[in-house]
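# Remarks on the overall topology
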Amino acid sequence: IMPTVRGDSGFFSCHAINSFGEDRGIIQLTVQEAPDPPEVEIREVKDRTIALRWTMGFDGNSPITGYDIECKNKSASWLSAQVTKDVSPQLNQATIIDLHPSSTYNIRMVAKNIIGNSNPSNELTITTDEAAPDGPPQDVLLEPTSPQSIKVSWKPPQKHLQNGVIRGYQVGYREYSPGGSHQFTILSLDTSGDTMESIMLDNLKKFTQYSVVVQAANRAGTGPSSQQVVVKTLEDVPSRSPENVLAVAKAPEVISLSWMPLSRDDLNGNLQGYRVIYWANLPDGELGEIRNVTTNQPSLELDGLEKYTNYSIPGVSLHQRGDGVRSEQIYVRTKEDVPGPPAGVKAAAASGSVVFVSWLPPLKFNGIIRKYIVFCSQPASYGDDDKITVEPLAKAPARILTFNGTVTTPWMKDIVLPCKAVGDPPPTIKWIKGNTNGTPTLVLVAGRRSVHGNGSFLIRTVESRGFWELQLRCQQQLGIRRDHTQPAVPPDQPRLTVTKTTTTSITLSWIPGDNGGSSIRGYILQYSEDNSEQWGSFPISPSERSYRLENLKCGTWYKFTLTAQNAVGPGHISEIIEAKTHGKEPQFAKDHELFTSINSTRARLNLVGWNNGGCPITSFILEYRAVDLATWTTAQRTSLTKSYVLYDLQEATWYELQMKVTNSAGSAEKRITFATLNADGSEFGLNGLSQSCTDYQDHCIRVEEQFK
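Residues numbered from 1 in each chain as written. Predicted model: local features only at pLDDT ≥ 70, side-chain atom pairs only at ≥ 80, totals over all residues. Heavy atoms only, no water.

### So, the overall build of the protein
- Looking only at helices and strands, the protein has two helices and 53 strands in total.
- Seen along its three principal axes, the alpha-carbon backbone of the protein occupies a region of about 205 × 60 × 50 Å.
- A total of 708 residues make up the protein; the buried ones form 40% of that total.
- Of all intrachain contacts in the protein linking residues separated by at least 6 positions in sequence, the fraction that spans at least 24 positions is 64%.
- Element-wise, carbon and sulfur atoms account for 48% of the exposed surface of the protein, whose accessible area totals about 39200 Å². (Helix = DSSP H or I, 4+ residues; strand = E, 2+ residues; numbered from the N terminus. Buried < 20%, exposed > 50% of the residue type's maximum accessible area, 1.4 Å probe, protein only. Contact = heavy atoms within 4.5 Å. Areas by Shrake-Rupley, 256 points an atom, 1.4 Å probe, with all protein chains shown as cover.)

Listed below in structure tokens is the structure:
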């Protein structure tokens, strides 16, 4: 037989025959060859192991001496396969170990006997289960973006350590201490799929060190933490104002200030100095120049001030990243000094024996004027600068003793322009208004305008600006007085803008409009929470150009208006502007497993998947019921725990579960249906719903969709 093949195996008999008889010999021919490959199938797949079992094929008429198992990555060639040699022929199953999670492998087997090896078996393509990541996120960076927020950014773990598809991250942060005594606060978020992930940590302490760790998570669990990174939040204005502020007038031009310094905990940063703002309240009711000065010491002397003048000091604040909270406003008056000279002196003959003298008060009172002293003598007896020489005359020309000047009056108020005139014979008085074209016209005395017997001119409810000239006629002599009236009106509206927002504060800035002819005395800021009819208000110093509202609701819209005030009153209201504090409503992370475990009477919930949206959780409501019951069991909390257990459930029962999580920005709900296990621990399938489907058809449809 050339060559022998498998089919030649068998019993052969040889027959010999002659005339005396016959004989027969039997030969069994066994053709040995390499065995057939085994039939391989999967028994179990885990994250790092694959369990196989196989059925032995034809052994090639020679006992199987062993099996070789070959395993390789799907993308590699069989030349690089990992081979497990000489598996015992008595076995029909084996487990491949030390595999990589979430990786696809090709597996085949070879049977062996003394003749040789079989052809490779059927080839299996298998993907191992995911495992929790073996590596932490990379390149964790912390960037303080405000006094109460830190931006955390990182890259995913190295690819070969991810052990599956990274679906989210957990960011833990806590106030840093060398001993690590503070507990981590954990935030969960879904992955964005980008090469660089990030999250903003809000509501932190100001100018405080925080340590942060990041963990990656896939379907199988959460991986190791990154090395903790430490950073300090930014400086901010102090939380409090300096206390026990004392102001004392030391001299006619000096005020001394002192106060108690703040503690380090209230500074919210490094002390850069104290700022003092002040201005004079002038005798005419206007405000002097608004000034500010800084110092590093808890005391200060203000010098070069106006004598015997009341000063407003809105308060002392710490100067760092802007002015901090000011102490209460104080008022102090500088000391008296001798008065300045009269601002002007006039003298005019009224007859041959009478001379009238008039004068203006000093420009600098420097105290309370208690009396004036008028010196009268023959010429050249005094060397005073305010000396005036006048001669009594029988026929005295008309002269005005009232002084020229500018008069400012509130809008829509009455005003009297005084006129004192002398002469012999007594002069007649006429009022003339100068027009814009320069041509004077005689004033019509009627209605709101009238002239008193003493010559003064009354204008009721002043409406507009004007330039007035007084002419006095007596024989051929002329005297002129000029008065410029400037009505003061309410100020124009400021231009209001939003310059900065955080989760709990909004900073506003503005540019003042025209002051209406009178100094701005202050501002009124009004604000309202969105969809609310109630408005709150804050008075603001005239020196301010910005204001920060604190303790606002997180993730909430607000409306603002600003009004300036002068001596006349409040002006036009600014346009309403809107701004929203940082933060949003809660959300439940996608693909996060809600149930940690379920048995026949109990279900444990994993609530870490809830993200607070950057605003603290204010309410958590959980309700559940069996689908065939109308009554809900309710649990309510003011904060969100990491887990929650539902006790005393009925075995083999379908339940409805709904959760509502609320913060100041809004609410979010999650609904789910689940089933407890049978008493023996087996899964309770759709058959358990047969009695409920009539009354709960919609529920049955939802459950069927879940199973699909």
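Still more to cover.
### Concerning the pattern of salt bridges
- Inspection of every chain in the model, using the stated rule, returns 21 salt bridges.
- Two residues, Lys206 and Asp236, come together in a salt bridge whose shortest N-O distance is 3.0 Å. Residue Lys206 is located in the loop between strand 14 (197-201) and strand 15 (209-218), and its partner Asp236 is located in the loop between strand 17 (229-232) and strand 18 (243-251); the two are separated by 30 residues in the primary sequence. With respect to class, Lys206 is no different from Asp236; both count as buried.
- Bridged by salt links that share partners, the residues Lys206, Asp236, Arg548 and Glu550 form one connected network. (Salt bridge = Lys/Arg side-chain N within 4 Å of Asp/Glu carboxyl O.)

### Some thoughts on the environment of Leu246
- Position of Leu246 relative to the elements: it lies in strand 18.
- With 180 residues separating them along the chain, Leu246 and Pro426 place their C-alpha atoms 59 Å apart.
- Contacts of Leu246, omitting those with residues within four sequence positions, involve Ser256, Leu257 and Ser258.

### Here's the deal with a nonpolar patch on the surface
- A surface patch of nonpolar side chains, about 540 Å² in accessible area, is lined by Val355, Val357, Trp359, Tyr372, Val374, Ile388 and Val390.
- Mapped onto the secondary structure, Ile388 falls in the loop between strand 26 (355-362) and strand 27 (399-400). (Patch = residues over 30% accessible without salt bridge, like charges linked within 9 Å, V, L, I, M, F, W, Y side chains within 5 Å.)

### Digging into the state of the cysteines
- This model, assessed by the stated rule, comprises one disulfide.
- With its sulfur 1.9 Å from that of its partner, Cys554 forms a disulfide with Cys615. Where Cys554 bonds to Cys615 through sulfur, the torsion about that S-S bond is close to -75°, and the disulfide is left-handed. On the criterion of sequence distance, the pair formed by Cys554 in the loop between strand 41 (546-549) and strand 42 (557-565) and Cys615 in the loop between strand 48 (610-611) and strand 49 (617-626) is long-range, its members being 61 residues apart.
- Residue classification places Cys554 among the buried residues on the basis of a relative accessible area of 5%.
- Given a relative accessible area of 0%, Cys615 falls into the buried group. (Disulfide = S-S within 2.5 Å.)

### Some points on the sheet that holds strand 22 (residues 299-302)
- Within the open sheet, the three strands sit side by side as 18-19-22. Their pairing is antiparallel. If you trace the sheet from one side to the other, it starts and ends with strand 18 and strand 22, each paired once. In this sheet, neighbouring strand axes are inclined to one another by 15° on average, regardless of whether the strands run parallel or antiparallel.
- As paired elements, strand 19 (residues 254-260) and strand 22 share four bridges and run antiparallel to each other. Paired with Leu257 across the two strands is Leu300, which belongs to strand 22. (Pairing = 2+ DSSP bridges. Axes fitted to C-alpha atoms, helices over the stretch in contact; angles between N-to-C directions.)

### With respect to the packing of aromatic side chains
- Taken as a whole, this structure holds 14 aromatic pairs when the rule is applied.
- Ring centres of Trp510 and Tyr523 lie 5.4 Å apart, and the angle between their planes is 55°; on these two criteria the pair is classed as tilted. Here Trp510, found in strand 38 (residues 506-511), pairs with Tyr523, found in strand 39 (residues 522-529); they are 13 residues apart in sequence, far enough to count as distant. As far as the burial class goes, Trp510 and Tyr523 line up, both buried.
- A centroid spacing of 6.5 Å and a plane angle of 45° characterise the contact between Tyr527 and Tyr558, whose relative ring orientation is tilted. Of this pair, Tyr527 sits in strand 39 while Tyr558 sits in strand 42, and the two are 31 residues apart along the sequence.
- Residue class for Tyr527 comes out partly exposed when judged on its relative accessible area of 22%.
- Judged by its relative accessible area of 4%, Tyr558 falls in the buried class.
- The residue whose ring lies beneath Arg108 is Trp78, and the NZ or CZ to ring-centre distance is 4.0 Å.
- Just above the ring of Tyr308 sits the side chain of Arg333; from NZ or CZ to the centre is 4.8 Å. (Phe/Tyr/Trp six-rings, centres within 6.5 Å; stacked < 30°, edge-to-face > 60°. Lys NZ or Arg CZ within 6 Å of the ring centre and 35° of its normal.)

### Focus on unusual backbone geometry
- The omega torsion of the bond from Met2 to Pro3 falls at -15°, within 30 degrees of zero and hence cis.
- Structurally, Pro3 can be placed in the segment before strand 1 (10-18).
- Residues other than glycine seldom take positive phi values, yet Asp98 does so here, at roughly 60°.
- As for its placement among the helices and strands, Asp98 is situated in the loop between strand 7 (93-96) and strand 8 (104-112).
- When its relative accessible area of 69% is taken as the criterion, Asp98 is described as exposed.
- Residues other than glycine seldom take positive phi values, yet Ala652 does so here, at roughly 50°.
- Tracing the backbone shows Ala652 in the loop between strand 51 (643-646) and strand 52 (654-663).
- Here Ala652 falls in the partly exposed class, since its relative accessible area comes to 25%.

### Quick look at the side chain of Gln658
- The topology assignment puts Gln658 in strand 52.
- A polar atom in the side chain of Gln658 sits 2.7 Å from the side chain of Glu623.
- Excluding anything up to four places from it in sequence, Gln658 contacts Ile621, Leu622, Glu623, Trp632, Lys670 and Arg671. (Polar contact = N/O pair within 3.5 Å; in protein donor to acceptor, adjacent residues only side chain to side chain.)

### Here's the deal with empty space enclosed by the protein
- Overall, the coordinates contain one cavity of 30 Å³ or more when judged by the stated rule.
- Empty space within the largest cavity amounts to approximately 50 Å³.
- As for the largest cavity, its lining consists of Ser146, Pro147, Gln148, Lys206, Asp236, Thr502, Ser505, Arg548 and Glu550.
- Counted by class, the lining of the largest cavity contains one nonpolar, four polar and four charged residues. (1 Å grid on protein atoms, 1.4 Å probe; cavity = no way out; pocket = protein on both sides within 12 Å on 5 of 7 lines; lining within 4 Å. Points joined across faces, edges and corners; volume = space filled by probe spheres on them. Nonpolar A, V, L, I, M, F, W, Y, C, P; charged D, E, K, R; others polar.)

### What about the nonpolar core?
- Ranked by internal contacts, the top residues of the largest apolar core, which has 22 residues, are Leu594, Leu605, Leu607, Leu622, Leu646, Leu657 and Phe674.
- With five residues, strand 49 is the single largest residue contributor to this core.
- Apart from the residues lying within four places of it in its own chain, the contact partners of Leu622 are Leu605, Thr633, Thr634, Ala635, Tyr644, Leu646, Leu657, Gln658 and Met659. (Core = buried A, V, L, I, M, F, W, Y, C linked by side-chain atoms within 4.5 Å.)

### Section: the confidence of the model for the protein
- Residues at a pLDDT of 70 or more form 91% of the protein, whose mean pLDDT is 85.
- Confidence drops under a pLDDT of 50 for residues 472-479, and excluding neighbours within four residues, the segment shows 22 contacts in the predicted structure.
- Contacts from residues 687-697, a stretch scored under 50 in pLDDT, to residues over four places away or in other chains number 11 contacts. (pLDDT = per-residue confidence, 0-100.)

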